[in-house]
Amino acid sequence: MLKKQPFPDSATGASGLDSVLFREGMSHVAAAVHVVTTDGPAGRAGFTATAVTPVTDSPASLLVCVNTEGRSGQSLLANGVFCVNTLGAADREVADIFAGRADLHGQDRFSRGRWETLATGAPVLGTSLVSFDCRLSEARIVATHHVIIGEIVAIRIGETQPALVYQNRLYHEL
């Protein structure tokens, strides 16, 4: 049987793992940039995310993480539907808007970009590399974040173009 051993202090910079070191380490990991959107009785909302990953292909599903403090995540949970829009390099402005780095808030953030819908009614960015339209199938709180799993009910594949990725706290074209 394997016995779990804590990392030595020299490996983490502290006794145990601290959140600042974790965030610094994760900033070195390149990740696709997504705008996750929702619409329904709780209103239209969205946020920029890199914490998105596939779960399984049968049934096709995605996992999204969002801070429990954010209004957009609360709207997503209440609406029960969402769309994960994977951004191309040309959509950097949309990424900044939905990350809160612009003077647009709430519904006004949807004034930039070309928006449409698929099966669930969640906003789909017409210029995205791919959009995954999902129905909420499971959600739970893990520490400071909602871990949300959605079953994909529709997919829109966009034009081939360079991707937008986030690494070392900067956007890059890939």
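Residues numbered from 1 in each chain as written. Predicted model: local features only at pLDDT ≥ 70, side-chain atom pairs only at ≥ 80, totals over all residues. Heavy atoms only, no water.

Secondary structure assignment for the protein yields four helices and 12 strands. Here the C-alpha atoms of the protein give a radius of gyration of 17 Å, agreeing with the 16 Å that 2.2 N^0.38 yields for 174 residues. The dimensions of the protein, computed from C-alpha atoms along their principal axes, are 50 × 30 × 30 Å. Scored against the burial criterion, the 174 residues of the protein give a buried share of 41%. Sequence separation of 24 or more characterises 65% of the internal contacts of the protein that already satisfy a separation of 6 or more. Here the protein has roughly 10,000 Å² of accessible surface; of this, 55% comes from carbon and sulfur atoms. When the 14 positive and 17 negative side-chain charges of the protein are each reduced to one mean point, those points stand 3 Å apart. (Helix = DSSP H or I, 4+ residues; strand = E, 2+ residues; numbered from the N terminus. Rg over C-alpha atoms; globule rule 2.2 N^0.38 Å. Buried < 20%, exposed > 50% of the residue type's maximum accessible area, 1.4 Å probe, protein only. Contact = heavy atoms within 4.5 Å. Areas by Shrake-Rupley, 256 points an atom, 1.4 Å probe, with all protein chains shown as cover. Lys, Arg positive; Asp, Glu negative; His and termini not counted. Charge placed at Lys NZ, Arg CZ, Asp CG, Glu CD.)

Our focus in this paragraph is the environment of Leu63. You can see Leu63 is positioned in strand 5 (residues 60–67). Taking C-alpha positions, Leu63 is 5.5 Å from Ile148, a pair spaced 85 residues apart along the chain.

To continue, consider the pairing of strand 3 (residues 45–49). A large share of strand 3 lies buried, amounting to four of its five residues. Note that strand 2 (residues 34–38) and strand 3 share five bridges and pair antiparallel. Bridging from a neighbouring strand, Val36 pairs with Phe47 of strand 3. Here strand 2 folds back onto strand 3, and the loop between the two strands holds six residues, one of which, Gly40, carries a positive phi near 160 degrees. (Pairing = 2+ DSSP bridges.)

Val36, Phe47, Val64, Phe82, Val84 and Phe132 are the most contacted members of the largest nonpolar core, which has 15 residues in total. Contributions of two or more residues to this core are made by strand 3, strand 5, strand 6 (81–86), strand 9 (130–142) and strand 10 (145–157). Those residues in contact with Phe47, other than ones at most four positions away along the chain, are His34, Val35, Val36, Val64, Cys65, Val66, Ser72, Gly73, Leu76 and Phe98. One finds Val94, Ala95, Ile97 and Leu125 within the second-largest nonpolar core, a separate group that totals 13 residues. (Core = buried A, V, L, I, M, F, W, Y, C linked by side-chain atoms within 4.5 Å.)

In this model, the largest pocket occupies a volume close to 1,400 Å³. Lining the largest pocket are 41 residues, and of these Thr48, Ala49, Thr50, Ala51 and His145 sit closest to its centre. Residue assignment for the lining of the largest pocket shows that the elements contributing at least two residues are helix 2 (19–27), strand 3, strand 5, helix 3 (71–79) and helix 4 (92–98). Taken together, the residues that form the lining of the largest pocket break down as 19 nonpolar, 16 polar and six charged. (1 Å grid on protein atoms, 1.4 Å probe; cavity = no way out; pocket = protein on both sides within 12 Å on 5 of 7 lines; lining within 4 Å. Points joined across faces, edges and corners; volume = space filled by probe spheres on them. Nonpolar A, V, L, I, M, F, W, Y, C, P; charged D, E, K, R; others polar.)

A full pass over the atoms with the stated rule returns four aromatic pairs. Within the aromatic cluster, the residues linked to one another by ring pairs are Phe98, Phe110 and Trp115. Here the basic side chain of Arg44 rests over the ring of Phe110, its NZ or CZ set 4.5 Å away from the ring centre. (Phe/Tyr/Trp six-rings, centres within 6.5 Å; stacked < 30°, edge-to-face > 60°. Lys NZ or Arg CZ within 6 Å of the ring centre and 35° of its normal.)

Let's shift gears to the sheet that holds strand 11 (residues 164–167). With antiparallel pairing, the three strands of this open sheet are ordered in space as 1-11-12. Each edge of the open sheet is held by one strand with a lone partner, namely strand 1 (31–32) and strand 12 (170–173). Sheet topology note: the strand 1/strand 11 ladder contains two bridges and is antiparallel. Along strand 11, the bridge assignment pairs Ala31 with Tyr166.

Here the focus is unusual backbone geometry. With omega at 0 degrees, the peptide bond leading from Ser58 into Pro59 counts as cis. Along the polypeptide, Pro59 turns up in the loop between strand 4 (52–57) and strand 5. Although it is not a glycine, Arg169 sits at a positive phi angle of roughly 65 degrees. On the secondary structure map, Arg169 appears in the loop between strand 11 and strand 12. Accessibility expressed as a relative area gives 45% for Arg169, which makes it partly exposed.

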